[in-house]
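# Secondary and tertiary structure notes
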Amino acid sequence: MSNLLSVENLTMQFGGLTAIDNLSFDAKNNEITSIIGPNGAGKTTVFNCLTGFYKPTNGQMFLHKNEGKISLRKYTDFKIAHVAKVARTFQNIRLFPAMSVLENLLVAQHNELMVASGYSLFGLLNLKSYRDKEQLAVDKARYWLDIIGLTNRADDNAGDLPYGDQRKLEIVRAMCIEPKLLCLDEPAAGLNPKESAELNKLLKFIKTEKKTGILLIEHDMSVVMGISDHVVVLNYGKKIFEGTADQTKTSKEVIEAYLGVDE
Amino acid sequence: MEKKDIIQSVKDSLFTGVIALALFGPIVGLRTASKGEGLFITPQWGIVFILVGLCILGRFLINLNSARKTEFTFFSKFTSKLSSVTEEKAKHLAITAILFAVVFPFLPFTDRYFMDVAIMILTYIMLGWGLNIVVGLAGLLDLGYVAFYAVGAYSYALIATTFGWSFWICLPLAGVFAAFFGILLGFPVLRLRGDYLAIVTLGFGEIIRIVLINWYEVTNGPDGITGIPRPSFFGLPFKRSPDEGEASFHTFFNLEYSTMHRIIFLYYLILILALITNYFTLKIRKLPVGRAWEALREDEIACKSLGVNPTNTKLTAFAIGAMFGGFAGSFFATRQAFISPESFTFIESAIIVAIVVLGGMGSQTGVVLASIFLIGITEMFRDLEQYRMIAFGGAMVLIMVFKPKGILANRKPTILMHGDKK
Amino acid sequence: MEYFIQQLVNGITLGSIYGLIAIGYTMVYGIIGMINFAHGDIFMIGAFVALISFIIFGLTGVALPVILLLVLLIAMLFTACYGWTVEKLAYKPLRGSFRLAPLISALGMSIVLQNYVQVAQGARVKPMQPLISGGLEFFKNSEFVVTVSYLQIFIVVLTVILMGIFTYLITKTDLGRAQRACEQDRTMTALLGINVDRTISITFIIGSSLASVAGMMFVLYYGVIDFYIGFLAGIKAFTAAVLGGIGSLPGAMLGGLLIGLIETFWAGYVSLEYKDVAAFSVLIVVLIFFPTGFLGKPDIEKV
């Protein structure tokens, strides 16, 4: 399998504190790569560097596309999603709570719709070309809502959904930008076992059917071990282990990082 | 209620009284007035005692039946009822209101004074609708909106007096100028956090005003610009005696000359301008850019993660809001025929913000109701101008405390997947 | 050169006044993260209370230092009541409301206070006879004589004393510790058994008292006030707080001095008409390019 993402010597410092220390790893196409580690290991900071919210102190991050590799450092802010096609979700869900489920999914298709609406001009004139494009966007939203079983709640406010559904909605909203790489920040946090299982199914679907690479931060080991193809273990900002899920389970370094050293 | 509670609440009320005495004692009780050389003090203890008494009584009553809760439920029930009524019958209400607005000038009781008040209310409705795009939809608190109103008014006045172009050319130009100023200001500041943005826009509004006062060569300073051309009815002026060989409105239509003609024309002008603003807002809200405004209001970080460019999106909201402010400004200039910096103070911005906030941010109907209430009803009590502003400010605080989303705040989705089944 | 020194002296005096107001902004911002828009009007009320007390004591013929001390205490006491009440009525119920709610509420409160004073005291400007006159003169031989009035000395000395007391209060006492704890994490502070509501109230009381001292100085220095002075002074002091780094107490004082100096030098060398534009421009430039100010902490966006 070819590489999708290469992180090379990534370092992030806040003042004197080194949150990520010279981290390198690869994530492959059509694979789920999990980043695990104890609290404060620097997992979310890695995400924030990848998705343009922080500017790393040092190091490179490359995304491999058909046209060649592009450096994520060059893109900041909204361009990561818009140009580089890296999507993400957040540890504490960030939906648009007062907007409907459908509207949430349409905002994710904002850039295409803006062009289709002629930067609002065609839209104001109510041209057919725009209305058709809008219908396509709604169809795409319906496609995803069917998958997560929320079609009948499409017109309700996103903030009124149960917690588990909000998590799933946030993931499919990210999928609506048609990303190359999907970064999920603790998607299973707060889910019950049944919801966790559904999440696993959804992620596997995204991986196999949508051919989208997934980078996952997770504490829930049933999720990590159940679906990861590759695991990267961080502690104090350093990579201490890298391998398959089974190798990780038996790794001495990993057990020490989580349980401490027996002396 | 037990005896202990009563004693407790009496104590509490007396404490309130002490505080009230400290508050009102010096400021209300000891009124300063100039007499000859220097200031003297006129005591007004009567008013102080009434105020303190009211505070004690009010506090006691609140404690007694913990009225706060019941009042609050009553209040929120009432407003949600109002919201649902206005929502259910939205179409009917809107049509009735527009019809009423159209026939208003010809109703038997409508006189010059009513017309003036109505024109003023409509101007504020238009400003409120314009600002609603910025504050209500995009969630950007703009405390300097009056700056764009001023830019519109001054550019209209300057273009019209310098080049003598007609209203219909100057109006769009004024709007374009105001939008340009909106972009000019917005570009650097829209990155700022919400509260900083509010202060910066306030600063910008004041800078514009100070420049208007001091830039004599162009703005004629505090004296303002006079002799701004009145609008004409498609080329027909509203003059009693038109120039030789020229028709005026009343001669052309064979009517008795009346100053009301011009007033009625102005009334319809602002009505149309306001309705255009409303139509435009309702339309654009359903377009991608409108949804992106609301999404930015909800969560800017999530927007960035979805590839929405926050700066550009906010900038469009700012520019469009400014443009409507500019239109309203040119209307103001042509109606008054005279403008000066005094009309564009911070308090004007605060009133427009109050209209949007009280109506319920993002609610178009709310703006109408708040304008009628705040401008119309208080206009009837002109003499009580200062009390009016106290009531304005007080209402803003109360709304934030009890119903922070505004009185009418039922948001309808901009697009439905399942059609209107309710 | 002499002119420059004169402007420097004037700027420092003005800066002391702004600095005292700025402390109120910075403390409130530090503890509950809101811009207390009504703070400028609290300052205005302080000025009115001071003016009224000066008139009353002026009739009794007590010695000047006694009058100054009494007026200082009275202004602080009564103005603190206003600060306390405003917080209880308009801000406390809003904790946890949406982002802009406290700011809108504060704006409403500011409108209420301004118009309330206008109704109660009249809209006309209130002049007062100068109480402290005379001063020291320097460079008597040059063509421009630099005057440092006793009043200016009084203002600067009083500011320094208050700042000393205040710094002690914040850094060395339990109250100060509770306050700094609230700034860090309000929920945790409450869990540790500290009365957060009371700590916030005290913050408002301290801020308002210092603003009232600034109000008293304003009355003495300019000799004329009206109900509208709080608006401009408030914005300038807010600018000072941001310039120094909002949330930082020494920053507020430093920012106040800088704003005072910028304003006087601008008025002295550039343009008197546009002196308020200077303050507003500084505000805008600082907020855009330099939002952490000189002594503020950077505000890392939490994702």
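Residues numbered from 1 in each chain as written. Chains lettered and ligands numbered in written order. Predicted model: local features only at pLDDT ≥ 70, side-chain atom pairs only at ≥ 80, totals over all residues. Heavy atoms only, no water.

Residue and element names in this part refer to chain C. In this model helix 9 (residues 229–244) runs 22 Å from its N-terminal to its C-terminal C-alpha over 16 residues, within 8% of the 22 Å that 1.5 Å per residue would give. In terms of burial, helix 9 is largely enclosed, as 15 of its 16 residues are buried. Gly 245, located one to two residues past helix 9, shows a positive phi value of around 110°. (Helix = DSSP H or I, 4+ residues; strand = E, 2+ residues; numbered from the N terminus. Expected span 1.5 Å × (residues − 1). Buried < 20%, exposed > 50% of the residue type's maximum accessible area, 1.4 Å probe, protein only.)

We now examine the sheet that holds strand 3 (residues 32–36) of chain A. Residues and elements named next belong to chain A. In space, the six strands of this open sheet follow the order 6-7-8-3-9-10, with mixed pairing throughout. The open sheet has two free edges, formed respectively by strand 6 (86–88) and strand 10 (238–243), since each of these has just one partner strand. For this sheet, the mean angle separating the axes of adjacent strands, direction not counted, is 20°. Here strand 3 pairs with strand 8 (residues 213–217) via four bridges, running parallel. Directly across from Ile 32, in strand 8, lies its bridge partner Ile 214. Contacting strand 3, strand 6, strand 7 (181–185), strand 8 and strand 9 (230–235), helix 1 (residues 43–50) runs over the sheet at an angle of about 140° to strand 8. Together, strand 6 and strand 7 form the strand contacts of helix 7 (residues 163–175), whose direction differs from that of strand 7 by roughly 160°. (Pairing = 2+ DSSP bridges. Axes fitted to C-alpha atoms, helices over the stretch in contact; angles between N-to-C directions. Contact = heavy atoms within 4.5 Å.)

On to the nonpolar core. Within the largest apolar cluster, 272 residues are counted, with the highest numbers of intra-cluster contacts made by Leu203(A) and Phe54(C). No other element matches helix 5 (residues 112–137) of chain B, which puts 16 residues into this core. Not counting residues up to four positions away in its chain, the partners in contact with Phe54(C) are Ile67(C), Leu68(C), Val71(C), Met128(C), Leu131(C), Met216(C), Val219(C) and Leu220(C). Core analysis: the second largest hydrophobic core is formed by 31 residues, Ile20(A), Phe25(A), Tyr54(A) and Leu215(A) among them. (Core = buried A, V, L, I, M, F, W, Y, C linked by side-chain atoms within 4.5 Å.)

So, about the environment of Leu64(C). Residues and elements named next belong to chain C. Assignment of secondary structure puts Leu 64 in helix 3 (residues 64–91). The exposure class of Leu 64 is partly exposed, given its relative accessible area of 31%. Between the C-alpha atom of Leu 64 and that of Ile 132, which follows or precedes it by 68 residues, the distance is 8.5 Å. When sequence neighbours within four positions are dropped, the list of residues in contact with Leu 64 reads Leu 131 and Ile 132.

Let us now look at the domain arrangement of chain B. Split by domain assignment, chain B resolves into domain 1 (3–65) and domain 2 (88–402). For domain 1 of chain B and domain 2 of chain B, the distance between their C-alpha centres works out to 40 Å. (Domains from an automatic or database assignment.)

A few words on the interface of chain C and chain B. The interface is formed by 64 residues belonging to chain C together with 58 residues belonging to chain B. Of the roughly 5,500 Å² buried between chain C and chain B, counting both surfaces, carbon and sulfur atoms make up 76%. When the buried surface of chain C facing chain B is broken down by residue, Ile104(C), Ile111(C) and Val119(C) rank first, second and third, together holding 10% of it. Inspection of the chain C/chain B interface yields zero salt bridges. At the boundary of chain C and chain B, one finds six residue pairs in polar contact (both at pLDDT 80 or more). The biggest single contributor to the side of chain C that touches chain B is helix 4 (residues 101–121) of chain C, with 16 residues. (Buried area = accessible area lost by both parts, 1.4 Å probe. Salt bridge = Lys/Arg side-chain N within 4 Å of Asp/Glu carboxyl O. Polar contact = N/O pair within 3.5 Å; in protein donor to acceptor, adjacent residues only side chain to side chain.)

With that settled, consider the packing of helix 2 (residues 39–60) of chain C against helix 8 (residues 196–222) of chain C. Residues and elements named next belong to chain C. At a minimum axis separation of 7 Å, helix 2 and helix 8 run at an interaxial angle of 55°. With respect to helix 8, the element helix 2 is oriented oblique. Crossing angle aside, the handedness with which helix 2 passes helix 8 is right-handed. Within the contact between the two elements, helix 2 uses His 39, Ile 42, Phe 43, Gly 46, Ala 47, Ala 50, Leu 51 and Phe 54 and helix 8 uses Gly 207, Ser 208, Ala 211, Ser 212, Ala 214, Gly 215, Met 216, Phe 218, Val 219 and Leu 220. Each residue belonging to the contact of helix 2 with helix 8 can be placed in one class, and the counts come to 12 nonpolar, six polar and no charged. (Parallel < 35°, antiparallel > 145°, perpendicular 65-115°, else oblique. Left-handed = near helix turned anticlockwise from the far one by under 90°. Nonpolar A, V, L, I, M, F, W, Y, C, P; charged D, E, K, R; others polar.)

This next bit is on the pattern of salt bridges. Inspection of every chain in the model, using the stated rule, returns 25 salt bridges over all chains. Here Arg297(B) makes a salt bridge to Glu298(B), at a shortest N to O gap of 3.3 Å. We classify Arg297(B) as partly exposed; its relative accessible area is 22%. Classification of Glu298(B) as partly exposed rests on a relative accessible area of 22%. Of the charged contacts in the structure, one is a salt bridge between Arg95(C) and Asp197(C), with a shortest N-O distance of 2.6 Å. With Arg95(C) in the loop between helix 3 and helix 4 and Asp197(C) in helix 8, this pair connects stretches of sequence that are 102 residues apart. Through salt bridges with shared partners, a single network forms among Glu87(C), Lys88(C), Lys92(C), Arg95(C) and Asp197(C).

Attention now moves to the confidence of the model for chain B. In the predicted model, chain B carries a mean pLDDT of 82, and the fraction of residues at 70 or more is 90%. Summarising per-element confidence for chain B, the mean pLDDT is lowest in helix 3 (residues 67–88) of chain B (65) and highest in helix 14 (residues 310–336) of chain B (91). (pLDDT = per-residue confidence, 0-100.)

Attention now goes to the pairing of strand 5 (residues 68–71) of chain A. The pairing of strand 4 (residues 58–65) of chain A with strand 5 of chain A spans four bridges and is classified as antiparallel. Bridge pairing in strand 5 of chain A links Leu63(A) to Ile70(A).

Another point: helix 6 (residues 128–148) of chain A. All names here are of chain A. With 21 residues, helix 6 extends 30 Å from end C-alpha to end C-alpha; this agrees with the ideal 30 Å at 1.5 Å per step. Of all the residues in helix 6, the buried ones are Tyr 130, Glu 134, Ala 137, Val 138, Lys 140, Ala 141, Trp 144, Leu 145 and Ile 148. Looking straight down helix 6, one finds that the buried residues subtend no more than 155° of arc, so they occupy a single side. Residues of helix 6 that are exposed and angled more than 90 degrees away from the buried face: Lys 128 and Leu 136. (Arc of directions from axis to C-beta.)

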